[in-house]
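Architecture and fold: a report
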Amino acid sequence: MPHNLIFDADDTLWENNIMFERAIELFLDHLASTGLPREHIRARLDEIEKNNSHRYGYGLAVFERSLAECLTACRGPLAETDRQLLRDACAPIRDHRVELIDGVGETVRALSQRHRLFLLTKGEHAEQTGKIEASGLAEFFTDIAVVPEKETAVYRDFVAHRALPAEHTWMIGNSPRSDIWPALEAGLGAVLVPHPMTWSLEHRDLPDRHPKFRTTTPFAQLTHHF
């Protein structure tokens, strides 16, 4: 039976957090002269990111803001060399450089031949649409939506506006917090495709024996489920 398969984007279809982690490593190297332990700086940055994501949302501008606030908190006002370092570290993200995860291209193509595929991603609209365009995958999706946050009500609205029956609709993603739990709470099925670099703010305990929850890895194994 054909299903409606809703895909997450970042760290499900293409690498995302690893690019931010590369920027953070450059940032930590830059702050090495402060004498503060790297783990202390990283813990401070994580807290700043958590606060800023709640206040300002997601995207590169918020990330750069968090780096700048952390640098100021650890060492004082920013110099031009600091600002240039932040620009250089974030350049690959800014340029929408997309690295598809292994198996994604051929798997999405195969699934699109027997199911209806949708894309539901959160973040800053221009950044996300830029990555979608650069990925070369847009043609395989019946519909694409970029939202500020992925909560239970968002999933309910998404399926209701497209008349997708919950019993034949599945959410596929790497985030327990944004992909798995809200989809299950909306009555959908959910498949976790784990990613080793999932952002810490997306972590959450997984469902225990939920009848509509599955885990699969690698991504290409989705063709055996669907």
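In this report, we go over the structure that sits alongside the text. Bear in mind the structure is a predicted one, so any value in this text is a computation, not a measurement.

1. Here we look at unusual backbone geometry
For the bond running from Thr217 to Pro218, omega is 0°, close enough to zero to count as cis. As for its position among the elements, Pro218 is in the loop between β6 (213-215) and α9 (222-225). Residue Asp11 is not a glycine yet carries a positive backbone phi of 65°. Secondary-structure assignment places Asp11 in the loop between β1 (4-7) and α1 (17-30). The exposure class assigned to Asp11 is buried, which follows from its relative accessible area of 6%. With a phi close to 60°, Arg209 is a non-glycine residue in the positive phi region.

2. Focus on the pattern of salt bridges
Within the structure shown, the criterion is met by 16 salt bridges. Note that Lys122 and Glu202 form a salt bridge whose closest N and O atoms lie 2.7 Å from each other. Here Glu202 lies in the loop between β5 (189-192) and β6 and Lys122 lies in strand β2 (residues 116-122), a separation of 80 residues in the sequence. Glu202 sits in the buried class, given a relative accessible area of 7%.

3. As for the packing of helix α2 (residues 38-56) against helix α3 (residues 60-75)
Where α2 contacts α3, the two axes come as close as 9 Å, and the packing angle between them is 135°. For the element pair α2 / α3, the angle class is oblique. Crossing geometry of α2 relative to α3 is assigned as right-handed. For the pair formed by α2 and α3, the contact residues are Ile41, Arg44, Leu45, Ile48, Glu49, Asn52, Ser53 and Tyr56 on the first element and Val62, Phe63, Arg65, Ser66, Leu67, Glu69, Cys70, Ala73 and Cys74 on the second. Here the residues of the contact of α2 with α3 sort into 10 nonpolar, three polar and four charged.

4. Concerning α2
Over its 19 residues, α2 extends 26 Å from the first C-alpha to the last, a length consistent with the 27 Å expected when each residue adds 1.5 Å. Every buried residue of α2 is listed here: Ile41, Arg42, Leu45, Ile48, Glu49, Asn52 and Ser53. Down the axis of α2, the buried set is contained in an arc of 135°. They therefore lie on one face. Residues Glu39, His54 and Arg55 are exposed on α2 and point more than 90 degrees away from its buried face. Those residues of α2 that are buried lie in contact with α1 and α3. Positive phi shows up at Gly57, right after α2, with a value of about 95°.

What counts as what
- Residues numbered from 1 in each chain as written.
- Predicted model: local features only at pLDDT ≥ 70, side-chain atom pairs only at ≥ 80, totals over all residues.
- Heavy atoms only, no water.
- Helix = DSSP H or I, 4+ residues; strand = E, 2+ residues; numbered from the N terminus.
- Buried < 20%, exposed > 50% of the residue type's maximum accessible area, 1.4 Å probe, protein only.
- Salt bridge = Lys/Arg side-chain N within 4 Å of Asp/Glu carboxyl O.
- Axes fitted to C-alpha atoms, helices over the stretch in contact; angles between N-to-C directions.
- Parallel < 35°, antiparallel > 145°, perpendicular 65-115°, else oblique.
- Left-handed = near helix turned anticlockwise from the far one by under 90°.
- Contact = heavy atoms within 4.5 Å.
- Nonpolar A, V, L, I, M, F, W, Y, C, P; charged D, E, K, R; others polar.
- Expected span 1.5 Å × (residues − 1).
- Arc of directions from axis to C-beta.

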